[in-house]
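Survey of secondary and tertiary structure
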Amino acid sequence: MSSCFNGGAGWPEPVVRVQAVSDTCGDTVPDRYVKPPPERPSLSSDGSRGGLNNIPVVDLSMPDADATCRAVAAACKEWGFFQAVNHGVRPELLRAARVSWRGFFRQPAEVRERYANSPATYEGYGSRLGTAKGGPLDWGDYYFLHLLPAALKSHDKWPSVPPSLRETTEEYSEEVLGLARRVMRLLSSGLGLEAGRLQEAFGEGACMRVNFYPRCPQPELTLGVAAHSDPGGMTMLLVDDHVRGLQVRSPDGGWITVDPVPDAFIVNIGDQIQVLSNAVYKSVAHRVTVSSAEDRLSMAFFYNPRGDLPIAPMPELVTADRPALYPEMTFDEYRVFIRQRGLGGKAKAQLESLQATADKAATSCSGSPVVVAPPPGCPAADSSSS
Ligand SMILES: O=C(O)CCC(=O)C(=O)O
């Protein structure tokens, strides 16, 4: 098993590549990847419960702009998720991006290890989020890279193999950025605000995580990514065109497995837009199951606020009947939680507070705001893992 380990590069213990575990573990998932029984996935979930069988699908090419805006807003209020079809990102670019990144994860281990990441920035090839020693691990490897602000983007930190990867990723991220800006305008109008208002309060940042989930001998015991909400603003997710895996917490509280429309983007609201919208739009928990038959690739483009802008409910959405549900906090402050504890830690420490306030807002608008305070002793953030 020694070939499974890299040097650790600032991690609290040696990092094991899930690809290597998958190749060597035989029929049994090692204990570190086994989730406690209440967190284990129900793989029989086929989306057929209670008449709710998929997240909404929105055609972004509809000629009626008001209808598009209403459909996006309704989906983000109720589900926090929708699948965007006819979104304008070229299908050949989607295919090229998938092919390039699969090509990277097929490189020999010594090539992949040249890009091994550290918890200082997370940029590069990684296998864990969070730095707690002995903490639970998810069944997935990833590649994380920065896109915006431009000063953080460095092609040298992106894989140089396959040779097409850098150019394809650059073009892909430009087009997805255009889509994210467009959805921001729809979301802003959906709040009854000027189309540019949400962007003005948000600023702009972006990064991307390409997830690779190797085959798993006991998928009923583990998760590719444990339940979490996205800490940033909005995520545009391109999933595998033939392997399902994403599960979303539905409005009735169950998990549904998303049935992806080929070449659609799965768009979801993150915590920062929940805060800016004063919980009109929901940042909803989701998780990833893995397969014993096939590996799976997904590409998550995270559209985030500018790190140093104070993020709080927009004043236009705060009234006597609906007070501000969240205190002001910059995204740089907020993401310290994830860097320290991983997405699951943040989900426990913070998202439940976010969720509690969202639920409270849904049932009563007269309660006092819940203060979400950072844990003591957080280090200063330098860049983001999400
Ligand atoms: O792989 C997926 O379907 C979702 C990935 C995800 O939730 C994430 O990268 O945060």
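A brief look at the structure comes next. Fair warning: this is a prediction, and the values are worked out from it, not measured in the lab. (Residues numbered from 1 in each chain as written. Predicted model: local features only at pLDDT ≥ 70, side-chain atom pairs only at ≥ 80, totals over all residues.)

Let us now look at the packing of helix 3 (residues 91-105) against helix 5 (residues 165-190). For the pair helix 3 and helix 5, the least separation of the axes is 9 Å and the interaxial angle reads 135 degrees. Classified by the angle between their axes, helix 3 and helix 5 sit oblique to one another. Relative to helix 5, the crossing made by helix 3 is left-handed. On helix 5, the residues touching L93, A96, A97, S100, G103 and F104 of helix 3 are L165, T168, T169, E171, Y172 and E175. Within the contact of helix 3 with helix 5, the residues separate by chemical class into six nonpolar, four polar and two charged. (Axes fitted to C-alpha atoms, helices over the stretch in contact; angles between N-to-C directions. Helix = DSSP H or I, 4+ residues; strand = E, 2+ residues; numbered from the N terminus. Parallel < 35°, antiparallel > 145°, perpendicular 65-115°, else oblique. Left-handed = near helix turned anticlockwise from the far one by under 90°. Contact = placed C-beta atoms within 7 Å. Nonpolar A, V, L, I, M, F, W, Y, C, P; charged D, E, K, R; others polar.)

This brings us to the pairing of strand 5 (residues 205-213). Here is the key point about a regular strand: its side chains alternate between the two faces of the sheet. Buried residues dominate strand 5, accounting for nine of its nine residues. The alternating pattern of strand 5 places G205, C207, R209, N211 and Y213 and A206, M208, V210 and F212 on opposite faces, both of which are buried. Relative to strand 12 (residues 296-304), strand 5 runs antiparallel, the two being bridged by nine bridges. Each residue of the ladder has a partner; that of V210, found in strand 12, is M299. (Buried ≥ 20, exposed ≤ 12 C-beta atoms within 10 Å, placed from the backbone. Pairing = 2+ DSSP bridges.)

Two elements in contact, helix 2 (residues 65-78) and helix 5, have axes whose closest approach is 8 Å; the angle formed by their N-to-C orientations is 80 degrees. By the angle class used here, helix 2 and helix 5 are roughly perpendicular. For the pair helix 2 and helix 5, contact is made by T68, C69, V72, A73 and C76 and by V183, L186, L187, S189 and G190, respectively. Within the contact of helix 2 with helix 5, the residues separate by chemical class into seven nonpolar, three polar and no charged.

Attention now goes to the sheet that holds strand 9 (residues 255-257). Across the sheet, which stays open at both edges, the four strands sit in the order 6-11-8-9 with antiparallel pairing between neighbours. The open sheet is flanked by strand 6 (225-228) and strand 9, the only strands paired with a single partner. Between one strand axis and the next, the sheet turns through 20 degrees on average, direction left out of account. One ladder, built from two bridges, connects strand 6 with strand 11 (residues 286-288); its direction is antiparallel. By the bridge assignment, V225 is partnered in strand 11 with V288.

On to the site of the ligand. Surveying the vicinity of the ligand reveals the residues R209, N211, V225, D230, L237, V239, G245, L246, H286, V288, S298 and A300. Taken together, the residues that form the shell around the ligand break down as six nonpolar, four polar and two charged. (Near = placed C-beta within 6 Å.)

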